[in-house]
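# Close look at the chain arrangement
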Amino acid sequence: QVQLVESGGGLVQAGGSLRLSCAASGRTVSGYAMGWFRQAPGKEREFVGTIRWSGGSKYYVPSVKGRFTISRDNAKNTVYLQMNSMKTEETDLYYCASSPGAGIVLNEYDYWGQGTQVTVSS
């Protein structure tokens, strides 16, 4: 069982930066991955990127690559999403999730946080 708690959401101006945190607790799986997702009301959930606990390999979707950075602190069981140069269209509820695999197969994510709201103002 894995429990996830996101934090760090809030209001940010367009072009500004925000860092989200996701604290994981409970049982862990060696080599498992953490992912970040976002969703606007009435829209499909969108995959943002992933990081593996072991080795820290990462993947980002093209729309955020170069602006967003995923990192992790294994000792704290925490992953982060650093978001720079934010855009108004990125106003979403941001979720972290846990995958027992490499984090690339999206239907393998099995534990989800409650989400943290990010609002980007113009």
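Summary of the structure given here. (Residues numbered from 1 in each chain as written. Predicted model: local features only at pLDDT ≥ 70, side-chain atom pairs only at ≥ 80, totals over all residues. Heavy atoms only, no water.)

Here the focus is the overall build of the protein. Looking only at helices and strands, the protein features zero helices and eleven strands. Counting from the amino terminus, the protein carries its helices and strands in the arrangement β-β-β-β-β-β-β-β-β-β-β. Relative to its length of 122 residues, the protein is compact, with a C-alpha radius of gyration of 13 Å against a globular reference of 14 Å. Relative to its 122 residues, the protein shows a buried fraction of 43%. Considering only residue pairs separated by 6 or more positions, the protein has 53% of its internal contacts joining residues 24 or more positions apart. Per element, the accessible surface of the protein, about 6400 Å² overall, is 47% carbon and sulfur. Counting 12 positive and 9 negative side-chain charges, the protein places the centres of these two groups 7 Å from one another. (Helix = DSSP H or I, 4+ residues; strand = E, 2+ residues; numbered from the N terminus. Rg over C-alpha atoms; globule rule 2.2 N^0.38 Å. Buried < 20%, exposed > 50% of the residue type's maximum accessible area, 1.4 Å probe, protein only. Contact = heavy atoms within 4.5 Å. Areas by Shrake-Rupley, 256 points an atom, 1.4 Å probe, with all protein chains shown as cover. Lys, Arg positive; Asp, Glu negative; His and termini not counted. Charge placed at Lys NZ, Arg CZ, Asp CG, Glu CD.)

Relative to the helices and strands, A14 is located in the loop between β2 (10–13) and β3 (18–26). Those residues in contact with A14, other than ones at most four positions away along the chain, are M86, T88, V120 and S121.

The next thing to look at is unusual backbone geometry. In this structure, N77 takes a positive phi of about 50° despite not being glycine. Within the secondary structure, N77 sits in the loop between β7 (68–73) and β8 (78–83). Classification of N77 as partly exposed rests on a relative accessible area of 27%. Located in the positive-phi region is S85, a residue other than glycine, with phi close to 50°. Along the chain, the position of S85 falls in the loop between β8 and β9 (92–99). Residue S85 is classed as partly exposed on the basis of its relative accessible area, which comes to 40%.

A separate point is the environment of Y59. In this structure, Y59 sits in strand β6 (residues 58–60). For Y59, the residues in contact, after removing those within four places along its chain, are F47, V48, G49, T50, I70 and I104.

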